[in-house]
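# Geometric and topological summary
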Amino acid sequence: MKVKIESSKIIKPFYEDTPPSTNNSYIPLSVFDKVTYEAQIAVIYAYRPPTPPNAAIQLGLQKALAIYREWAGRLGKDEQENPVILLNDEGVRFVEASADSTLDKVMPFKPSSSLLNLHPSLNNVVELVQVQVTRFTCGSLVVGFTAHHTVADGHSTSNFLIAWGQSCRGLDINPLPLHDRTIFHPRNPPLIEYEHKGAEFMSKLVKKENSLNESNTHHVTEDIAVHKVHFTVEFLAKLKAKASSMNGNNNKPYSTFESLVAHLWRAITKARGLSGFETTHIRISVNGRTRLNPRVPNEYFGNLVLWAFPTAKVKDLLREPLPYATKLIHDAVMKVNNNYFRSFIDFANHMKAKEGEDLIPTADMNKHILCPNLEVDSWLRFPFYDLDFGTGCPYMFMPSYFPTEGMMFLLPSFIGDGSIDVFIPLFQDNLPTFKKICYSLDLLENY
């Protein structure tokens, strides 16, 4: 598949009325924005014909940017050198491209580096959103969308994508975003009930040590393959029943998400061939909109995510049955509650007030190898399939190519029956074992 760039330009918000002032206009970053990944994330959508013309997609985007002005701005600093989003309307990148084949020839897309041709580069980018529309010879359309994570989390970004579709269809944007990022007030005096060093923050010295260790492993990143696994509804139901088998009659069964992540944690740990005495954890994102009390509206635009870190010794994870790992995950996620979020807000503000505290976020997209740990990005609840430009919803969406060993993406399968696709980057040497056991409910019990 050869992709030819036809045009690349900057487009700016389109205002129906008088444009707002861009003079010294900015939004300060919240404590949640400052602790998230400082990187562009890319997703890919595929549409069958008929598809709307590029001009209609572009105008819809410009109208959506007039409501979500942050995306058309730039990251910068205020007078006090605090990080902010400058509302300067400098615009987003819009690329038009063509491919030399029909879409059916290259579908389903395999998770490989060829996906990087379907969206603009993620490196050294000042624009906070980039879009590439690629036309195939059969009339199909692929939209590659990249967005800077510092501006918004997956929940907010999916709200923006739906708004873009609404604009393309001539509808009013609904719901409207809540732009105020100053709503997270620390308590006075602060009440720091949890340990946030080692969770959301780490010392710069630790980061330096990790970077030195990883600099020796750059050559092995070529040995990482992104493997896509499809889990059917039937398999997921059996897995959930097995994971919940020790819950008793009075307790709710574990969720499909908890059961599947527990299964993958054990299968990947087994495939990696780790020593029984090593410790392994998973980083799982938790949406604060449903955790904070009073509840933050779903329309809140920005980042509002912290992480749970279920942790186990390798030997315990593999010797104990599936309910053990599932309970670890369930309990760790439940712990990230209102009290935890409030404690984090107090800690992050307190840390800022204490000069000389040399802490940086643990969220890092520049790590290439997570072993012995894992990270799971769940897109199961995001309404990505609702991005309708006027001729129907996409029949497929997927993450771009992110070959970070151990960083999994979970998303609803495009079949639409409740089955789940998981994209798992692993070392090539570990793949045969993983493939052998990933669909087995019993193989691990004989460890």
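Residues numbered from 1 in each chain as written. Predicted model: local features only at pLDDT ≥ 70, side-chain atom pairs only at ≥ 80, totals over all residues. Heavy atoms only, no water.

### Observations regarding helix 5 (residues 154-168)
Along its 15 residues, helix 5 runs 21 Å from first to last C-alpha, staying within 8% of the 21 Å computed at 1.5 Å per residue. Along helix 5, twelve of the 15 residues are buried, which leaves the element largely enclosed by surrounding structure. Among the residues making up helix 5, those that are buried are His155, Ser156, Thr157, Ser158, Phe160, Leu161, Ala163, Trp164, Gly165, Gln166, Ser167 and Cys168. Residues of helix 5 that are buried make contact with strand 3 (40-47), helix 2 (54-67), helix 3 (69-72), strand 7 (129-135), strand 8 (141-148) and strand 11 (279-287). Of the residues flanking the end of helix 5, it is Gly170, one or two places downstream, whose phi is positive at about 75°. (Helix = DSSP H or I, 4+ residues; strand = E, 2+ residues; numbered from the N terminus. Expected span 1.5 Å × (residues − 1). Buried < 20%, exposed > 50% of the residue type's maximum accessible area, 1.4 Å probe, protein only. Contact = heavy atoms within 4.5 Å.)

### Points about the sheet that holds strand 4 (residues 74-77)
Reading across the sheet, the three strands line up as 2-5-4 and stay open at both edges, with antiparallel pairing between neighbours. Every interior strand has two partners, whereas the edge strands, strand 2 (26-28) and strand 4, have only one. Between one strand axis and the next, the sheet turns by 35° as a mean value, whatever way the strands run. (Pairing = 2+ DSSP bridges. Axes fitted to C-alpha atoms, helices over the stretch in contact; angles between N-to-C directions.)

### Digging into the packing of helix 8 (residues 256-272) against helix 10 (residues 322-335)
In contact at an axis separation of 8 Å, helix 8 and helix 10 are set at 120° when each is read in the N-to-C sense. The element helix 8 and its partner helix 10 pack so that their crossing is right-handed. Judged by residue contacts, Glu258, Ser259, Val261, Ala262, His263, Trp265 and Arg266 of helix 8 engage Leu322, Ala325, Thr326, Leu328, Ile329 and His330 from helix 10. In terms of residue class, the contact of helix 8 with helix 10 is built from seven nonpolar, four polar and two charged. (Left-handed = near helix turned anticlockwise from the far one by under 90°. Nonpolar A, V, L, I, M, F, W, Y, C, P; charged D, E, K, R; others polar.)

### Description of the sheet that holds strand 3
Strand order in the open sheet formed by six strands is 1-6-7-8-3-16, with mixed pairing between adjacent strands. The sheet is open, and its two borders are formed by strand 1 (3-11) and strand 16 (396-399), each paired with just one other strand. For this sheet, the mean angle separating the axes of adjacent strands, direction not counted, is 15°. When strand 1 meets strand 6 (residues 92-99), the two strands line up antiparallel, connected through eight bridges. Bridging from a neighbouring strand, Lys4 pairs with Ser98 of strand 6. Its contacts with the sheet place helix 2 against strand 1, strand 6, strand 7 and strand 8, and it is angled at close to 160° to strand 6. Each of strand 3, strand 7 and strand 8 is contacted by helix 5, which is oriented at about 135° to strand 8, the strand it contacts most.

### Focus on the pattern of salt bridges
Once their charged atoms are close, side chains differing in charge can pair, the charge on each being opposite to the other. This structure, assessed with the given rule, holds 13 salt bridges. Of the charged contacts in the structure, one is a salt bridge between Glu90 and Arg74, with a shortest N-O distance of 3.6 Å. Taken together, the positions of Glu90 in the loop between strand 5 (83-86) and strand 6 and Arg74 in strand 4 put the pair 16 residues apart, joining distant regions of the chain. (Salt bridge = Lys/Arg side-chain N within 4 Å of Asp/Glu carboxyl O.)

### Observations concerning the nonpolar core
Among the nonpolar cores identified, the biggest contains 63 residues, and Trp71, Phe109 and Trp164 are the most heavily contacted of them. The dominant element in this core, judged by the number of residues it contributes, is strand 3, at six residues. (Core = buried A, V, L, I, M, F, W, Y, C linked by side-chain atoms within 4.5 Å.)

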